[in-house]
2 protein chains.
Amino acid sequence: MATYQHILLAIDTSEQHPQIYDKAASLAKQNQATLSICHLVENYLAPDLAYEGINNVTIEMQEDLLNSAKLQIKTLATDLSISEEQQWIEFGNPRYDVVRLADEHQVDLIVMGSHGRHGLQLLLGSTANAVLHHAKCDVLAVRLND
Amino acid sequence: MATYQHILLAIDTSEQHPQIYDKAASLAKQNQATLSICHLVENYLAPDLAYEGINNVTIEMQEDLLNSAKLQIKTLATDLSISEEQQWIEFGNPRYDVVRLADEHQVDLIVMGSHGRHGLQLLLGSTANAVLHHAKCDVLAVRLND
């Protein structure tokens, strides 16, 4: 019995965590589900009134960041047999845009890493935390070793 | 390929949510994993210095609560083919004791419901949130309709 039809592997950082990828791939296989991958690149060009004037990030630097992320994710996606249409690498805020992408593509399970940080990080809300609270679908938080 | 060996279905409330039970059971079947179930009954007899003197809960009332929870979980566990040894119904705080039970029994996936509440609930930390942040294993938050 398939529990999930469309699984989204949300890659949060440039760190490599094969245990998350393997779990997402296994769950997709067990459920014969579509597996997609997303990675949000923070847009440092977005206006920040508090720091206006000291933003030295150029459009070229931003494009380089995006292209570098695309290359990195492409390699991973190929290993996981994820087709190009299911690779979503864009500028955005991981806290909100993972949930938006999941909504837009009728994802029913988001798989992401969770560091289990405490204190201030917990209070302010980590990405995993924000996704857990805002997602309209199930969320699997894969525990990473801190 | 089995992703999980021991799945713990953490029942948080007396509300019935068949979609969580079905998902936990499906994942256990897909992975040929042991499925356990836990439910923590809040211990209102625990001393609370701020409210000392107005605690009218008796030992008998507490025992009644525990026995009622045991009966309720037993019926559910039977439906899910969970043996008596894998049913853990105890006094405790769901925010901490779900994680403790998971540790003690080498659980590698906790399945629980998540309401996705916002505001104060998010700041104070819901049970799913606390478990997500403290668990040493993976956590699957099954989205419930609010």
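Relevant structure appears above.
So, here's what we can say about the structure.

Here is what the cut-offs are and how they apply
- Residues numbered from 1 in each chain as written.
- Chains lettered and ligands numbered in written order.
- Predicted model: local features only at pLDDT ≥ 70, side-chain atom pairs only at ≥ 80, totals over all residues.
- Heavy atoms only, no water.
- Buried < 20%, exposed > 50% of the residue type's maximum accessible area, 1.4 Å probe, protein only.
- Helix = DSSP H or I, 4+ residues; strand = E, 2+ residues; numbered from the N terminus.
- Pairing = 2+ DSSP bridges.
- Salt bridge = Lys/Arg side-chain N within 4 Å of Asp/Glu carboxyl O.
- Core = buried A, V, L, I, M, F, W, Y, C linked by side-chain atoms within 4.5 Å.
- Contact = heavy atoms within 4.5 Å.
- Least-squares fit on C-alpha atoms with pLDDT ≥ 70 in both.
- Axes fitted to C-alpha atoms, helices over the stretch in contact; angles between N-to-C directions.

Considerations on the pairing of strand S5 (residues 138-143) of chain B
Turning to step 1, where the next piece is worked out: Among the six residues of S5(B), six are classified as buried, and the element is accordingly described as predominantly covered.
Turning to step 2, where the next piece is worked out: Neither face of S5(B) is exposed, since B:Asp138, B:Leu140 and B:Val142 on one face and B:Val139, B:Ala141 and B:Arg143 on the opposite face are all buried.
Turning to step 3, where the next piece is worked out: Alignment of strand S5 (residues 138-143) of chain A against S5(B), held across three bridges, turns out to be antiparallel. Along S5(B), the bridge assignment pairs A:Ala141 with B:Val139.

Notes on the pattern of salt bridges
Turning to step 1, where the next piece is worked out: In the structure shown here, the tally under the stated rule is 12 salt bridges over all chains.
Turning to step 2, where the next piece is worked out: A salt bridge links A:Arg100 to A:Glu90, with the nearest nitrogen and oxygen atoms 3.1 Å apart. One end of the pair, A:Arg100, is in helix H3 (residues 94-104); the other, A:Glu90, is in strand S3 (residues 87-91), and 10 residues separate them in sequence.
Turning to step 3, where the next piece is worked out: Residue A:Glu90 is classed as partly exposed on the basis of its relative accessible area of 27%.
Turning to step 4, where the next piece is worked out: Its salt-bridge partner being B:Lys136, residue B:Asp103 comes within 3.0 Å of it at the nearest N-O pair. Here B:Asp103 is found in helix H3 (residues 94-104), whereas its partner B:Lys136 is found in the loop between helix H5 (127-134) and S5, with 33 residues between them in sequence.
Turning to step 5, where the next piece is worked out: The structure contains a network of salt bridges with shared partners spanning A:Glu90, A:Asp97, A:Arg100 and A:Glu104.

Considerations on the nonpolar core
Considering soluble globular proteins, one finds that nonpolar side chains tend to be buried as a cluster.
Turning to step 1, where the next piece is worked out: Formed by 52 residues in total, the largest nonpolar core has its most connected members in A:Leu9 and B:Leu9.
Turning to step 2, where the next piece is worked out: The contact partners of B:Leu9, leaving out residues within four places of it in the chain, are B:Ile20, B:Tyr21, B:Ala24, B:Leu35, B:Ser36, B:Ile37, B:Cys38, B:Leu80 and B:Val111.
Turning to step 3, where the next piece is worked out: Membership of the second largest hydrophobic core comes to 38 residues, among which are A:Ala10, B:Leu8, B:Val139 and B:Ala141.

Thoughts on the environment of B:Lys136
Turning to step 1, where the next piece is worked out: Accessibility expressed as a relative area gives 60% for B:Lys136, which makes it exposed.
Turning to step 2, where the next piece is worked out: Taking the C-alpha atoms as reference points, B:Lys136 and B:Gln106, separated by 30 residues in sequence, lie 9.8 Å from one another.
Turning to step 3, where the next piece is worked out: Sequence-distant contacts of B:Lys136, defined by excluding residues within four places in its chain, comprise A:Arg143 and B:Asp103.

A closer look at the relation of the copies chain B and chain A
Turning to step 1, where the next piece is worked out: If you rotate chain B by 180° and push it 0.0 Å along the axis, it lands on chain A with an RMSD of 0.0 Å. Here the transformation between the copies is reduced to the relation of a two-fold axis. Taking C-alpha positions as reference, the residue of chain B nearest the rotation axis is B:Leu140, located at 2.1 Å.
Turning to step 2, where the next piece is worked out: Here 100% of the contact residues of chain B are again contact residues in chain A; the copies associate through an equivalent surface.

Observations concerning the sheet that holds strand S1 (residues 6-11) of chain A
Two strands in a sheet stick together by hydrogen bonds in their backbones, pointing the same way (parallel) or opposite ways (antiparallel).
Turning to step 1, where the next piece is worked out: The 10 strands are arranged S3(A)-S2(A)-S1(A)-S4(A)-S5(A)-S5(B)-S4(B)-S1(B)-S2(B)-S3(B) in an open sheet whose pairing can be described as mixed. On the outer flanks of this sheet lie S3 of chain A together with strand S3 (87-91) of chain B, each paired with one strand and no other. Here the average twist between neighbouring strands, direction ignored, is 20°.
Turning to step 2, where the next piece is worked out: Relative to strand S4 (residues 109-114) of chain A, S1(A) runs parallel, the two sharing three bridges. For A:Ile7, the partnering residue across the bridge sits in S4(A) and is A:Leu109.
Turning to step 3, where the next piece is worked out: Against the sheet, helix H5 (residues 127-134) of chain A makes contact with S4 and S5 of chain A together with strand S4 (109-114) and S5 of chain B, and its axis sits at roughly 155° relative to S4(A), the strand it touches most.

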